[in-house]
Amino acid sequence: MCKKLLLIGGGRAHLSLLKKLKKETLMGCEITLLSPASTTYHADMFPGLVEEIYQLEDLEIDFADLTEKAGIRFVQGTALSIDVKQRMVLTENGDILSFDVLSIDTDRRRKGTEILPDRENIFDLTQRAHLERLQEYDHKKGSVVIVGDGAEAIEMSFSMKAWKQTYQDHANVILIQPPGMFRKPRDFTLQSLKSELANQGIEVYRNKSMVEIHENLIKIGNESVSFDSLLWMTVLKPPGVYKSSKLPTDEEGRLLVEDTLQVKKYPFIFGAGNGVTIRNHPNLSVSGSIADKQGEVLFENLKGYLESGEGYHFRPPKRQLSGISVGHKQAYLKYGAFSRKGKLAWKLKDKLDRGYVSSFR
């Protein structure tokens, strides 16, 4: 009898899984991918998009094309609820998708977006229309405020500053890191890049409480900072479907899974990416390489669950290659205790990023 595998979300772990499915099928299995959008973007290349090194199509991964090549059905939509007893998923479009096995890798919403006014000069980079607008000259000139966590927002600050230097725009680039917007530190933190930020003249507001946004002012604590453009790059938060479906979660609402990436109470449900917490690795920072590794384990364990009963345990690598661009085609690379800064580091990062996107085409 044909079993049904439903994949919810197009996170990086699921992308790694889809790449495996292009080469090796799961015998006797009908696979469906449910995703809110038909495309996704390689976020590591967003700073290069700001600096005009890349065009938006250079970052794009097409789910419809990828699933077709892998022999997978693609359904566009968002999961509203999961019925674990009936093994069905209800989408916002009213579709009901049945499954025997479910895998979830989705975290498209950013923390705090509910306070954002709907304005042309405010950007949430999880949305395609906002990425398209950010390529326009007028949206990068003037004072730019970036609100966000860790390496992603820091990297964007450097790239925005580099763009301004190229176009001789002397307006401020301001980085705001409010509390509660972090999941955990990454290899490149505000502290580790403090001198680089200061050298480039990027203003930093740290450990301030977010209150509200008024017109072109953002209030932080007792201070107000003006902006011409605001980039919202806070931590991605887990979807509400976990709560509405009464699935086990951690205190922050992320799906709780075991080392096998399975939910203990419901072993037919798997999860990976930033939207989950692995019980034995609660403080794991899910970088791109970690998500890729989870995707590999996910493939083997789904295959084992559906075919042979064999599975693997996810073990985080002791060392991983991390990179962050600092503008003008320069970057820091770090691998364990080894680190290097310069144009060669950026060229390697650029090659890895371009290679990653092209591997899905």
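Only a predicted model underlies this, so the values are computations on that prediction, with no experimental measurement involved.

Moving on, we come to the overall build of the protein chain. Scanning the protein chain for helices and strands turns up ten helices and 25 strands. Radius of gyration (C-alpha) of the protein chain: 21 Å, near the 21 Å computed for a compact globule of 361 residues. Principal-axis analysis of the C-alpha atoms gives the protein chain an extent of 65 × 40 × 35 Å. By the burial criterion, 52% of the 361 residues in the protein chain qualify as buried.

The subject of this paragraph is the layout of surface pockets. Take a probe with the size of a water molecule and roll it over the atoms, and the empty space left behind shows itself. In this structure, the second largest pocket spans a volume of roughly 350 Å³. Every residue lining the second largest pocket is counted, 18 residues in all, and those nearest its centre are Pro 36, Thr 78, Thr 106, Arg 108 and Arg 109. Where the lining of the second largest pocket is concerned, the elements lending two or more residues are strand 2 (29–35) and strand 6 (79–83). Residue classes in the lining of the second largest pocket are distributed as seven nonpolar, six polar and five charged.

On to the environment of Gln 168. Looking at where Gln 168 falls in the secondary structure, it is placed in the loop between helix 6 (150–166) and strand 13 (173–177). Gln 168 gets classed as exposed once you look at its relative accessible area, which sits at 64%. Here the alpha-carbon distance between Gln 168 and His 214, two residues 46 residues apart in the chain, equals 28 Å.

Moving on, we come to the environment of Asn 121. Tracing the sequence through the fold places Asn 121 in the loop between strand 10 (109–110) and strand 11 (122–124). Judged by relative accessible area, which is 13%, Asn 121 ranks as buried. In this structure the C-alpha to C-alpha distance between Asn 121 and Phe 360, which are 239 residues apart in sequence, comes to 32 Å. If we skip the residues at most four places from it in the chain, Asn 121 touches His 139, Asn 216, Phe 227, Asp 228, Ser 229 and Leu 230. A polar contact is formed between the side chain of Asn 121 and the backbone oxygen of Asp 228, at a distance of 3.0 Å.

Let us look at helix 9 (residues 288–308). Counted at 1.5 Å a residue, the expected span for helix 9 with its 21 residues is 30 Å, and the 29 Å between its end C-alpha atoms agrees. Downstream of helix 9 by one or two residues, Gly 309 has phi in the positive range, about 85°.

Per the counting criterion, the structure on display carries two cavities of 30 Å³ or more. In this structure, the largest cavity spans a volume of roughly 80 Å³. Contributing to the lining of the largest cavity are 14 residues, with Gly 48, Tyr 54, Ser 325, Trp 346 and Lys 349 lying nearest its centre. Here the lining of the largest cavity gets four residues from one element, more than from any other, and that element is helix 10 (residues 343–358). Residues of the lining of the largest cavity, tallied by class, amount to five nonpolar, three polar and six charged.

Here we come to the pairing of strand 13. Burial of strand 13 is extensive: five of the five residues sit out of reach of the surface. Residues of strand 13 alternate between two faces, with Val 173, Leu 175 and Gln 177 on one and Ile 174 and Ile 176 on the opposite face, all of them buried. Sheet topology note: the strand 12 (residues 144–148)/strand 13 ladder contains four bridges and is parallel. Counted as the bridge partner of Val 144 is Val 173 from strand 13. Following the chain from strand 12 across helix 6 to the adjacent parallel strand 13, one finds a crossover that is right-handed. In terms of strand pairing, strand 13 meets strand 14 (residues 203–206) through four bridges, oriented parallel. Along strand 14, the bridge assignment pairs Ile 174 with Glu 203.

Moving on: the packing of aromatic side chains. This model, assessed by the stated rule, comprises eight aromatic pairs. Here a set of aromatic residues connected by ring pairs shows up, and it is made of Phe 99, Tyr 266 and Phe 268.

With that settled, the discussion passes to a nonpolar patch on the surface. Together, Leu 321, Tyr 335, Phe 338, Leu 348 and Leu 352 line one region of the surface with nonpolar side chains, adding up to about 460 Å² of accessible area. As for its position among the elements, Tyr 335 is in strand 24 (residues 330–335).

On to the sheet that holds strand 14, then. Strand order across the open sheet formed by five strands is 11-18-12-13-14, with parallel pairing between neighbours. Two strands lie at the open edges of the sheet, namely strand 11 and strand 14, each paired on one side alone. Within this sheet the neighbouring strands show an average axis-to-axis angle of 15°, counted without direction. Sitting on the sheet, helix 6 touches strand 12, strand 13 and strand 18 (229–233), and the angle it makes with strand 13 is about 170°.

Conventions and cut-offs
- Residues numbered from 1 in each chain as written.
- Predicted model: local features only at pLDDT ≥ 70, side-chain atom pairs only at ≥ 80, totals over all residues.
- Heavy atoms only, no water.
- Helix = DSSP H or I, 4+ residues; strand = E, 2+ residues; numbered from the N terminus.
- Rg over C-alpha atoms; globule rule 2.2 N^0.38 Å.
- Buried < 20%, exposed > 50% of the residue type's maximum accessible area, 1.4 Å probe, protein only.
- 1 Å grid on protein atoms, 1.4 Å probe; cavity = no way out; pocket = protein on both sides within 12 Å on 5 of 7 lines; lining within 4 Å.
- Points joined across faces, edges and corners; volume = space filled by probe spheres on them.
- Nonpolar A, V, L, I, M, F, W, Y, C, P; charged D, E, K, R; others polar.
- Contact = heavy atoms within 4.5 Å.
- Polar contact = N/O pair within 3.5 Å; in protein donor to acceptor, adjacent residues only side chain to side chain.
- Expected span 1.5 Å × (residues − 1).
- Pairing = 2+ DSSP bridges.
- Right-handed = clockwise from strand over helix to strand, strands pointing away.
- Phe/Tyr/Trp six-rings, centres within 6.5 Å; stacked < 30°, edge-to-face > 60°.
- Patch = residues over 30% accessible without salt bridge, like charges linked within 9 Å, V, L, I, M, F, W, Y side chains within 5 Å.
- Areas by Shrake-Rupley, 256 points an atom, 1.4 Å probe, with all protein chains shown as cover.
- Salt bridge = Lys/Arg side-chain N within 4 Å of Asp/Glu carboxyl O.
- Axes fitted to C-alpha atoms, helices over the stretch in contact; angles between N-to-C directions.

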